[in-house]
Amino acid sequence: MAEAGSFAEKVKQQADIVRVVGEYVRLKKTGKDFSGLCPFHQEKTPSFTVSPIKQIFYCFGCGKGGDVYNFVMDMEKCEFPEAVKVVAEKCGIAVPRQKERSPGERKENQQRSVLVEMHREAQTFFVKQLQGTAEGNLARAYLEDRGLDKATIERFGIGYAPSGGDSLLRHLKPKYNDKLLVDSGLVSRDQSAGRLFDRFRRRITFPISSESGKIVAFGARALGDDMPKYLNSPETPIYSKSNVLYHMDRAKEALRRQDFAILVEGYMDAIAVSRAGISNVVASCGTSLAEPQIKLLGRFTRRVFVNYDPDTAGQAATERSLSLLLEHDFEVRVLALPPVGDKKADPDLFIRERGKDEYLKLLKEAPPYVDYLIARARQMDLTTGEGKQRALNFLLPYIQKIPNGIMRSEWATRIAQQLRIDEPLLRSALTKAAKERRSEIKTRPELIGRAAKPVERRLIRMLAEAQGFRQELAKHLQNARLYHGLETEKIFAALVIASLSGQPLQATEVGAVLEERDRRLLFEILFEEANEPTWEEAMSCIEALQHRQAEQELADVQRSIEANPAAPEMRGLLEKKQELMRRLAAAR
Ligand SMILES: [Zn+2]
């Protein structure tokens, strides 16, 4: 673990666990600590807690707990050295070069950073083409026509890939070999002739950045009638389209602040919404959302307004995305924009024609997804039995995905009313579908409910935190063997050893030597509400333990006396009994 003086230790001191965890879990301040929904088990009410003071986290539901590294290791499914690197990068601390990497790993890392570098160069190249060439001027005129001014073009890094077919290739070729060029996805290889050529030609380019803001791909829109209208980078070692949401790098802060996301289809839509001053927008950049994208979004907010294009493809994409969002327990609303004139309106067109305020107003009124779906179902022919069945078949899969039973039932009633379907019939269809569905995966946290006495809890807390006297306290406990026989004995033993050393306590290191249930109990105690400890209180806790110890001894003595009244040591036992009784009486 983080040894004193090591790089890991240094990073840990500088890193703020709340900030790091906050990138994965939405945290709310509760008292001195922060809490949120546990990322390690399914839950509806937060039992996941982070302490900025102790720099540790603990989940009262599933029992996961530890320091910032334990968190990142569990979250990113990585080993300790990788976790140190991740935390250091998040906190802007330069990581010293690792020597012990495997050659394969090193090569992959090198390749990745070369590809990122290549994308950066391509970006500069595309931007220059848009600004300084005749062809670029045409492209700029097109953009201006779409209402994109110079500032917006610059802000979103919009560029232009010329029609020549090898301009970018010629630009990059002196520095990179053919294999790298092809691997980057920026250059394609002609299948028959084996010749290399630019992937993007005569297209407006939009840099696509990873969550951390590195350009990892491009989206490109045809300037003329070339097909396809939109062309993206292929999957590469640095880009997987299901892992990236367009505009995420710029939306992060706003997502957290506003606690909802607007989900649009394409980069033009995201730019239009963002440009209107609404920054919490991301685009799926594909027909519908993928699971990793939902997980990425879920780290920032669980409320989503889906605002896809109103065409049939957009509708289908909306519905597929809804399904997936519901499964992941998101709160979803659907913003379906009305036509502008006789044109179906995507967010881009709508904001250009009707303005930001009108958009915001509709956003506020956007109905919950079930209302949207009911409205869709009502467009079907409901006059016949078959039509109703079709509408019901359309709705059922969505209703099934609502994780909350009460909600599910409420919506069933509502649907029955709105579609004029016999309610018992609808309910039986629901039950039937539920039976066919695979049962939900639920983590049932093993309840701890251990009866550690308040005195023990207090002393444990003091041993962990009372910088002023924990060493002294440990000595008291150790000398009189006061914690022996307690249910918390192992926790005390570990804390006493740690405290006697005089070093500051690392809860995770103590936790690491404990069995699972003891480790959990320790973390629970560390997160309890508690007053500042004092030496007086410590002493009264010690007295309470002494008292308990005397009682125990008395009981033992009494047992020995009764077991063998003729024993030669009877005299000694009786004296001991007298002495213990005196002590107990004095304490009362
Ligand atoms: Zn948990």
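Treat the numbers as computed from the prediction; the structure is a model and nothing was measured. (Residues numbered from 1 in each chain as written. Predicted model: local features only at pLDDT ≥ 70, side-chain atom pairs only at ≥ 80, totals over all residues. Heavy atoms only, no water.)

(A) Layout of the overall build of the protein chain. In terms of helices and strands, the protein chain carries 26 helices and 15 strands. Radius of gyration (C-alpha) of the protein chain: 32 Å, far over the 25 Å computed for a compact globule of 588 residues. Along the first, second and third principal axes, the C-alpha set of the protein chain runs to 110 × 70 × 45 Å. Considering only residue pairs separated by 6 or more positions, the protein chain has 64% of its internal contacts joining residues 24 or more positions apart. Carbon and sulfur atoms provide 51% of the accessible area of the protein chain, an area that totals close to 30,200 Å². Measuring between centres, the 92 positive side-chain charges of the protein chain sit 2 Å from its 82 negative side-chain charges. (Helix = DSSP H or I, 4+ residues; strand = E, 2+ residues; numbered from the N terminus. Rg over C-alpha atoms; globule rule 2.2 N^0.38 Å. Contact = heavy atoms within 4.5 Å. Areas by Shrake-Rupley, 256 points an atom, 1.4 Å probe, with all protein chains shown as cover. Lys, Arg positive; Asp, Glu negative; His and termini not counted. Charge placed at Lys NZ, Arg CZ, Asp CG, Glu CD.)

(B) Seen up close, the coordination of the zinc ion. Bound to the zinc ion on the protein side are Cys38 (SG), His41 (ND1), Cys59 (SG) and Cys62 (SG), at distances that span 2.1 to 2.3 Å. Each of the four donor atoms around the zinc ion contributes to a set of angles spanning 102 to 116°, which defines the coordination as tetrahedral. Sequence spacing among the residues donating to the zinc ion works out to C-x2-H-x17-C-x2-C. Given a relative accessible area of 18%, cysteine 62 falls into the buried group. (Donors = N, O, S within 2.8 Å, 3.2 Å for Na, K, Ca; no water. Tetrahedral: all angles 85-135°; square planar, octahedral: opposite > 155°, others 65-115°. Buried < 20%, exposed > 50% of the residue type's maximum accessible area, 1.4 Å probe, protein only.)

(C) Local environment of the sheet that holds strand β15 (residues 331-334). Across the sheet, which stays open at both edges, the four strands sit in the order β13-β12-β14-β15 with parallel pairing between neighbours. Every other strand in the sheet has two partners, leaving β13 (281-283) and β15 as the edge strands with one partner each. Strand after strand, the sheet turns through a mean of 25° between neighbouring axes, direction not considered. Bridge count for strand β12 (residues 261-264) against strand β14 (residues 303-306) is three bridges, and the pairing is parallel. If you follow alanine 261 over to β14, its bridge partner there is valine 304. (Pairing = 2+ DSSP bridges. Axes fitted to C-alpha atoms, helices over the stretch in contact; angles between N-to-C directions.)

(D) Inspection of unusual backbone geometry at higher detail. Despite not being glycine, histidine 247 shows a phi value in the positive range, around 80°. Structurally, histidine 247 is set in the loop between β11 (230-232) and α10 (248-258). One non-glycine residue with positive phi stands out, namely aspartate 259, at about 60°. Inspection of the secondary structure puts aspartate 259 in the loop between α10 and β12. For aspartate 259, a relative accessible area of 18% gives the class buried.

(E) Fine view of the packing of helix α20 (residues 454-465) against helix α21 (residues 470-479). Where α20 meets α21, the axes come as close as 8 Å, and the angle between the chain directions of the two elements is 135°. Accordingly, the angle class assigned to the pair α20 and α21 is oblique. Viewed along their axes, α20 and α21 form a crossing whose handedness is left-handed. In this structure, α20 uses Leu459, Met462, Leu463, Ala464 and Glu465 to contact α21, whose residues at the interface are Arg470, Leu473, Ala474 and Leu477. Of the residues assigned to the contact of α20 with α21, the class counts are seven nonpolar, no polar and two charged. (Parallel < 35°, antiparallel > 145°, perpendicular 65-115°, else oblique. Left-handed = near helix turned anticlockwise from the far one by under 90°. Nonpolar A, V, L, I, M, F, W, Y, C, P; charged D, E, K, R; others polar.)

(F) Layout of the nonpolar core. Counting residues in each nonpolar core, the largest one holds 65 residues, and the members touching the most others are Ile158, Leu186, Ile204, Tyr246, Ile262 and Tyr359. In contact with isoleucine 158, other than residues within four places in its own chain, are Val127, Leu130, Leu143, Leu148, Ile153, Ile204, Thr205, Phe206, Pro207 and Ile271. One finds Val306, Tyr308, Leu322 and Ile421 within the second-largest nonpolar core, a separate group that totals 46 residues. (Core = buried A, V, L, I, M, F, W, Y, C linked by side-chain atoms within 4.5 Å.)

(G) Highlighting the confidence of the model for the protein chain. In this model, the protein chain carries an average pLDDT of 85, and 94% of its residues clear a pLDDT of 70 or more. When the criterion is pLDDT under 50, residues 438-450 qualifies, and its contacts beyond four places in sequence or with other chains add up to 15 contacts. (pLDDT = per-residue confidence, 0-100.)

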